[in-house]
Amino acid sequence: MKAIDLRSDTVTRPTPEMRAAMINAEVGDDVYGEDPTANRLEAFAAELLCKEAAIFVPSGTQSNLLALLSHCERGDEYIVGQQAHTYKYEGGGAAVLGSIQPQPLEYEADGTLDLARVEATIKPDDPHYAKTRLLCLENTQAGKVLPLDFLKAARALCDRTGLGLHLDGARIFNAAVSLDVPVSEISNQFDTVSVCMSKGLGAPVGSVLCGPGDLIGKARRWRKVLGGGMRQAGMLAAAGLYALQNHVSRLREDHDNAHLLAQQLAAVPEVKIDGGAQTNMVFIHVEAEHSPRLNEYLAERDIRVGGYGAMRLVTHLDVEQSDIHRFVSEVGNYFRQAA
Ligand SMILES: *Cc1c(COP(=O)(O)O)cnc(C)c1O
């Protein structure tokens, strides 16, 4: 029986075609700027997102950190969602390594920030305060797609107030595919965008940070400082390039599978669906007494799910429609035998 892993879209394994691209990649020393495949990936990503430049980095965490270090100086602050990856799930890197203070605000139900509150949070130029320098958004945010009108309003706010605007676009392609727009319609609203190729796009490693030449130049310096300068990086960059060229439009299948999953689970009365299925994530919860037992029951059947209180189910490259049917039927079986 095939194992089904719905914990995250990071669990995908490179396809045979992607592995072939990695093995056959032309390489050089990327710290000297001489890796042709890394250079090709950076040029490709920059053009796709309509940015001047891009830099290939080992992880999304490093990519976001480089953006924060490049936009902000010591004693500056960035405004960010309370549940944002760049605030909550990156070990406080901006504060630890950059002396940059986060100013978190609660997300609205749709994953946006209330822009009036953002504006009211910008600190006056006064030595008592950190200097507010940057607004940081996330798209998709917990699987939710930020509306284009909101992005335009955020852009206008940053133009008016002189803030930089960074997007943690770990899953920006899920957002673009869901809206059925070119990814540049989203990326155009931001100064810098970080994109993960190791999520639903299926690469084993790697993110790209895209933005203006001067900021990406600063990021290149910080990448070296953080130990992210890789040598024959082309073998990894080839996977990212392959992912960007071949795995974007198929994200629609993941969204369809997530939709199917939510639809089928709605027929299981013990399962409450918390929303989701806008892209590739479904959030559910079950009564507390069932939560660990259901996870165990599924694990015994080689099915893995993510749970931080509520259960997060993520569809990806290695999940097929038949896996969704088997998952739902095992959840049903669990509740029948528990009754
Ligand atoms: C995964 C993720 C990142 C980056 O994570 P890495 O594991 O460091 O690549 C950043 N932001 C969001 C929203 C993510 O889901």
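Please refer to the structure higher up on the page.
The shown structure was predicted, so the numbers you read here are calculated from the model rather than taken from an experiment. (Residues numbered from 1 in each chain as written. Predicted model: local features only at pLDDT ≥ 70, side-chain atom pairs only at ≥ 80, totals over all residues. Heavy atoms only, no water.)

A. Geometry of the overall build of the protein chain. Helix and strand counts for the protein chain stand at 14 helices and 13 strands. On C-alpha atoms alone, the protein chain measures out to a radius of gyration of 21 Å, which is about the 20 Å that the 2.2 N^0.38 rule sets for 339 residues. Looking at the 339 residues of the protein chain, the share that counts as buried comes to 55%. For the protein chain, long-range pairs separated by at least 24 residues make up 74% of all intrachain contacts whose partners lie at least 6 apart in sequence. On the protein chain, roughly 14800 Å² of surface is accessible, and the fraction owed to carbon and sulfur atoms is 50%. Here the protein chain contributes 33 positively and 44 negatively charged side chains, and the mean placements of these two sets differ by 3 Å. (Helix = DSSP H or I, 4+ residues; strand = E, 2+ residues; numbered from the N terminus. Rg over C-alpha atoms; globule rule 2.2 N^0.38 Å. Buried < 20%, exposed > 50% of the residue type's maximum accessible area, 1.4 Å probe, protein only. Contact = heavy atoms within 4.5 Å. Areas by Shrake-Rupley, 256 points an atom, 1.4 Å probe, with all protein chains shown as cover. Lys, Arg positive; Asp, Glu negative; His and termini not counted. Charge placed at Lys NZ, Arg CZ, Asp CG, Glu CD.)

B. Spotlight on the packing of aromatic side chains. On inspection of all chains with the given rule, the structure shows two aromatic pairs. Ring centres of Y334 and F335 lie 5.0 Å apart, and the angle between their planes is 80°; this geometry places the pair in the edge-to-face category. Neither residue differs from the other here; Y334 and F335 are each classed as buried. Site record: aromatic cluster; members linked through ring pairs are Y297, Y334 and F335. R301 extends its terminal NZ or CZ atom over the ring of Y297, reaching a point 3.6 Å from the ring centre. (Phe/Tyr/Trp six-rings, centres within 6.5 Å; stacked < 30°, edge-to-face > 60°. Lys NZ or Arg CZ within 6 Å of the ring centre and 35° of its normal.)

C. Inspection of the site of the ligand at higher detail. Close to the ligand lie S59, G60, T61, N64, H85, E90, E138, D168, A170, R171, C196 and K199. Here H85 contributes a side-chain N or O atom positioned 3.4 Å from a nitrogen atom of the ligand. Compared with its free state, where it exposes 380 Å², the ligand has 81% of that area covered by protein. Most atoms of the ligand, that is more than half of them, are within 2 Å of grid points of the largest pocket. Broken down by class, the residue content of the shell around the ligand amounts to two nonpolar, five polar and five charged. (Near = heavy atom within 4 Å. Polar contact = N/O pair within 3.5 Å; in protein donor to acceptor, adjacent residues only side chain to side chain. 1 Å grid on protein atoms, 1.4 Å probe; cavity = no way out; pocket = protein on both sides within 12 Å on 5 of 7 lines; lining within 4 Å. Sits in = over half its atoms within 2 Å of the grid points. Nonpolar A, V, L, I, M, F, W, Y, C, P; charged D, E, K, R; others polar.)

D. Spotlight on the pairing of strand β8 (residues 207–211). Of all five residues that make up β8, five are buried, and the element is covered over most of its length. The two faces of β8 match: S207, L209 and G211 on one face and V208 and C210 on the other face are all buried. In this structure, strand β2 (residues 53–57) lies alongside β8, joined through five bridges in antiparallel fashion. Counterpart to V57 in the pairing with β8 is S207. Here strand β7 (residues 192–196) runs beside β8; their pairing, made up of four bridges, is antiparallel. (Pairing = 2+ DSSP bridges.)

E. Fine view of the nonpolar core. In this structure, L135, L137, F173 and I186 are the most contacted members of the largest nonpolar core, which totals 65 residues. When neighbours within four sequence positions are excluded, F173 is seen to be in contact with L48, L49, V183, V195, L201, L244, V248 and L251. Counting residues in hydrophobic clusters, the runner-up holds 27 residues, among them V268, V328, Y334 and F335. (Core = buried A, V, L, I, M, F, W, Y, C linked by side-chain atoms within 4.5 Å.)

F. Spatial organisation of the pattern of salt bridges. On inspection of all chains with the given rule, the structure shows 17 salt bridges. The shortest N-O distance in the salt bridge between R220 and E42 comes to 3.2 Å. Of this pair, R220 sits in helix α10 (residues 213–225) while E42 sits in helix α2 (residues 36–48); the two residues are 178 residues apart in sequence, bridging distant segments of the chain. Overall, R220 belongs to the partly exposed group, its relative accessible area being 32%. Put simply, K2, E320 and D323 are held in one network by salt bridges that share partners. (Salt bridge = Lys/Arg side-chain N within 4 Å of Asp/Glu carboxyl O.)

G. Just the state of the cysteines, in detail. Applying the stated criterion across every chain yields a total of zero disulfides. Note on C158: no disulfide assigned, nearest cysteine sulfur contributed by C136 at a separation of 11 Å. (Disulfide = S-S within 2.5 Å.)

These results come straight from atomic positions and should not be treated as a statement about function.
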